[in-house]
Amino acid sequence: MDFLRAAALGDVPHGFFGRSGPDGAQFDCGFSEQIDQAVAQQNRLSAAATIQPPRALIMPDQIHSTDVLVVDAPFALDQRPKVDALVTNNRDLVIGIVTADCAPVLLADQVAGVVCGAHAGWRGAVGSTDTDDNGGPGILENAVEAMEQLGAERNRIVAAIGPCIAQQNYEVDAPFLANFDDADQGHFTEAGIRENVHRWHFDLPGYAAARLASAGVGYVEVLDFDTYAHSDRYYSFRHATRRKQPNFGRQISVIAAL
């Protein structure tokens, strides 16, 4: 199967998977009704087994929130919590996150044996979509705080940001820009005017890395793979929807405590 590892995570069992499975077969790990969920579940379990068999796979019901849950036992597939990050120190569990342009973020404190898998879209990362109250704690800050509950220390935590949409392909407008503080403007570049609308390009992985660094994370690695530009290797929401494709799929990222 096609998957990447991050040097920052060292020996921690983990992987950022692409859209190609064994023998090049389509490897969709999403929860869409448009795909065979028996096949998708087998794909998800195969990814988990690839990095560390045999362990139970746990995954959240992602809702673009800032909510994080500390987990110490497996739960049923139909009981997935509506959060966007899971934290555990249970070595019998594998955390899985699915994405298709949003940033999959895997974090670990190897000394404490604590890991986290987080789904960081722009909404979760910014922490607030109220233009009068920006800059609150986002999914990444909350993930770090939850890891501390299990004994992790911020300066020991390492984080890896997996394949996601790159800045040159993440075009946004003024209402999107308004969700960010003036201090965040360095993550935007001018994209000119198209269809009489002023536009910018947003650096999602750079923004996520900055939030992690500001939270005191000891080291952050960004894997430089653009899901939009490499849609043959990764699922991309923007690439699919701009081409009016009905199903854009999801890739999975997984991590387990060492």
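What you are looking at is a predicted structure, and each value in this text was computed from that prediction instead of being measured.

K.L.:
I'd like to hear about the sheet that holds strand β6 (residues 93-99), residue by residue, with values.
P.N.:
Taken in spatial order, the five strands line up as β1-β2-β14-β6-β3 in an open sheet, and their pairing is mixed. Either end of the sheet is taken by a strand with one partner, and the two such strands are β1 (3-4) and β3 (56-58). As paired strands, β1 and strand β2 (residues 14-17) are joined by two bridges and run antiparallel to one another. Looking at the pairing, Phe3 lines up with Phe17 of β2. Sheet strands touched by helix α1 (residues 37-51): β1, β2, β3, β6 and β14 (251-256). Its angle to β14, the strand with the most contacts, is close to 40°.

K.L.:
Tell me about the environment of Tyr207, residues and numbers included.
P.N.:
Looking at the secondary structure, you find Tyr207 in helix α5 (residues 204-214). Taking C-alpha positions, Tyr207 is 18 Å from Ala85, a pair spaced 122 residues apart along the chain. Tyr207 has contacts with Ala125, Val126, Phe180, Asp184, His187 and Phe202, leaving out every residue within four places of it along the chain.

K.L.:
Could you give an account of helix α3 (residues 139-149), naming the residues involved and the relevant values?
P.N.:
With eight of eleven residues buried, α3 lies mostly within the body of the structure. For α3, every residue scored as buried is listed here: Ile139, Leu140, Glu141, Asn142, Ala143, Val144, Ala146 and Met147. At its buried positions, α3 is contacted by β4 (68-70), β5 (85-88), β7 (103-109), β8 (114-120), α2 (122-126) and α5. Once α3 finishes, Gly151 follows within two positions and takes phi at roughly 105°, a positive value.

K.L.:
An account of the layout of surface pockets is requested, with residue identities and associated values reported.
P.N.:
Approximately 640 Å³ is the volume found for the largest pocket. His64, Cys102, His119, Phe248 and Arg250 are, among the 30 residues lining the largest pocket, the residues nearest its centre. Classifying every residue of the lining of the largest pocket by side-chain character gives 13 nonpolar, ten polar and seven charged.

Scoring rules and cut-offs
- The residue count restarts for each chain, going from 1 along the sequence in the order it is written.
- Under the rules for a predicted model, residues below a pLDDT of 70 receive no local features and side-chain atom pairs below 80 are neither given nor counted, while totals for whole chains, interfaces and linings still include all residues.
- With hydrogens and water excluded, all non-hydrogen atoms of the structure serve as input to the side-chain values.
- A pair of strands is considered paired only if DSSP assigns at least 2 bridges between the two.
- Put simply, DSSP H or I for four residues or longer makes a helix, DSSP E for two residues or longer makes a strand, and each gets a number counted from the N terminus.
- Contacts: residue pairs with any heavy atoms within 4.5 Å of one another.
- Orientation is described by lines fitted to C-alpha atoms, with helices fitted over the stretch in contact, and by angles between N-to-C directions that extend from 0 to 180 degrees.
- For the exposure calls, accessible area comes from a 1.4 Å probe over protein chains only, and a residue counts as buried if that area is under 20% of its type's maximum, exposed if over 50%, partly exposed in between.
- Using protein atoms alone on a 1 Å grid, points that fit a 1.4 Å probe yet trap it form a cavity, whereas open point sets bounded by protein on both sides within 12 Å along at least five of seven lines form a pocket; residues with an atom within 4 Å of a point count as lining.
- Grid points are joined across faces, edges and corners, and a volume is the space filled by probe spheres set on the points.
- Asp, Glu, Lys and Arg are counted as charged, while Ala, Val, Leu, Ile, Met, Phe, Trp, Tyr, Cys and Pro are counted as nonpolar; the rest, among them Gly, fall into the polar class.

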